[in-house]
Amino acid sequence: MIKDITYIHEHVTIDLSKEKNNIDCKLDTFDITKEEFLRLKELGVTRVVDVSNVGIGRDVDYVMKMEEATGLNIYMSTGYYKEPFLPKEVEELSVEELAKKMIDDIKIGIDGKTKCATLIGEIGTGFEIMTELEKKVFQAAAIAQKTTGVFITTHTSLGKLGHEQLDFLENLGVDLNKVILGHVALSGDLSYIKSLLKRGAYVEFDTIGKNNYLPDETRVDFIKTLCEEGWSEKLLMSVDLTRRSHLKTNGGIGYAYLIETFVPMLKEVGVKESDLKNMLVENPKRILGVE
Ligand SMILES: [Zn+2]
């Protein structure tokens, strides 16, 4: 059994219900989540990264309570998601002011609590272009990244605009080795994924089990090929559960799916233990600055 695993892209709590007009998108199922997290602990998980941020229901009290109830280490993020989920302050404040807020979350603590943000993200873009407000968030994130040295984790919409995100951050002086590209597997395009890896960024297979977006067989094929080609030190895995219906009690795949179902699929096709450890243990620890 692999130990010391991190779930690198999750939402301990999130609320997109208003914008999506669907109460299922309000993940506030504390007790069910707690039970599933306790199961994760039995499966070798020690850390969960909550990439909810300002405007989509980030809740430091909720997360700290979950940490206490489960004994997992839960890491939190700062920043703003994407349109139409950006709060008013993204319009109202300057880039420098937004960056300052992110830096304070990282250095001082979130919402007056002792818990600090460890990552910037998930900051995101849509399908066609980066909007002006999304660019503003990326500009602020670049300043905060360079000031603090923490990683930026992004959201791409079905994998689109990966290179545009990297171009934008690179032009602002961000080291692309400090960038994690989210959801890019959903492009379904392996050569595109490799072209992103070649620029130094981490690529996250973070919607594992969401077969309506991309069949897991394809994810397995991609990961197997990428590991064989030596990329496992730049790959990450998570399930990105955001809805009540994603939880096992509510009929969904549940958090344990990654370990109980997907990892065995990778082993089945010959992905090596050392590669699995890179993706599940070593890469996240490097990103989170864990010794
Ligand atoms: Zn996302």
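Refer to the structure above for everything that follows.
Residues numbered from 1 in each chain as written. Predicted model: local features only at pLDDT ≥ 70, side-chain atom pairs only at ≥ 80, totals over all residues. Heavy atoms only, no water.

A. Representation of the overall build of the protein chain. Looking only at helices and strands, one finds 11 helices and 10 strands in the protein chain. Relative to its length of 291 residues, the protein chain is compact, with a C-alpha radius of gyration of 18 Å against a globular reference of 19 Å. Along the first, second and third principal axes, the C-alpha atoms of the protein chain reach 50 × 40 × 40 Å. Here the protein chain holds 291 residues, and the buried ones make up 58% of them. Long-range pairs, those at least 24 residues apart, make up 76% of the contacts in the protein chain between residues at least 6 apart in sequence. Total accessible area on the protein chain is roughly 11800 Å²; 48% of this is exposed by carbon and sulfur atoms. Side-chain charges in the protein chain split into 37 positive and 48 negative, and the spacing between the mean points of these groups amounts to 2 Å. (Helix = DSSP H or I, 4+ residues; strand = E, 2+ residues; numbered from the N terminus. Rg over C-alpha atoms; globule rule 2.2 N^0.38 Å. Buried < 20%, exposed > 50% of the residue type's maximum accessible area, 1.4 Å probe, protein only. Contact = heavy atoms within 4.5 Å. Areas by Shrake-Rupley, 256 points an atom, 1.4 Å probe, with all protein chains shown as cover. Lys, Arg positive; Asp, Glu negative; His and termini not counted. Charge placed at Lys NZ, Arg CZ, Asp CG, Glu CD.)

B. Representation of the sheet that holds strand β7 (residues 151-155) within the structure. Judged by pairing direction, the sheet is parallel, and its 8 strands sit side by side in the order β1-β4-β5-β6-β7-β8-β9-β10 without closing on themselves. With one partner strand each, in any of the chains shown, β1 (5-10) and β10 (235-237) form the two edges of the open sheet. Going from strand to strand, the sheet's axes swing by 30° on average, the running direction of each strand aside. (Pairing = 2+ DSSP bridges. Axes fitted to C-alpha atoms, helices over the stretch in contact; angles between N-to-C directions.)

C. Broad picture of the pairing of strand β9 (residues 202-205). Of the two faces of β9, the one carrying Y202 and E204 and the one carrying V203 and F205 are both buried. Of the pairings in the sheet, the one linking strand β8 (residues 179-181) to β9 comprises 2 bridges and is parallel in character. Bridging across to β9, L181 finds its partner in V203. Two elements, β9 and β10, share 3 bridges in a ladder whose sense is parallel. Bridge pairing in β10 links V203 to L235.

D. Local environment of a nonpolar patch on the surface. Residues F127, L158 and Y213 make up a contiguous nonpolar surface patch of about 310 Å² in total accessible area. For F127, the position within the fold is in the loop between β6 (117-124) and α6 (132-148). Here F127 falls in the partly exposed class, since its relative accessible area comes to 45%. (Patch = residues over 30% accessible without salt bridge, like charges linked within 9 Å, V, L, I, M, F, W, Y side chains within 5 Å. Salt bridge = Lys/Arg side-chain N within 4 Å of Asp/Glu carboxyl O.)

E. Main features of the pairing of strand β5 (residues 73-78). Among the 6 residues in β5, 5 count as buried, and that is most of the element. Bridge analysis of strand β4 (residues 45-50) against β5 gives 4 bridges, and the strand direction is parallel. For V49, the partnering residue across the bridge sits in β5 and is Y75. For the crossover from β4 across helix α3 (residues 60-70) to β5, the handedness is right-handed. (Right-handed = clockwise from strand over helix to strand, strands pointing away.)

F. Up close: unusual backbone geometry. With an omega dihedral of 5°, the bond running from E83 to P84 counts as a cis peptide bond. Inspection of the secondary structure puts P84 in the loop between β5 and α4 (88-92). A cis amide bond links G121 with the next residue in sequence, E122, at an omega value of -10°. Position of E122 relative to the elements: it lies in strand β6. Of note in this structure, N21 is not a glycine but carries a positive phi near 50°.

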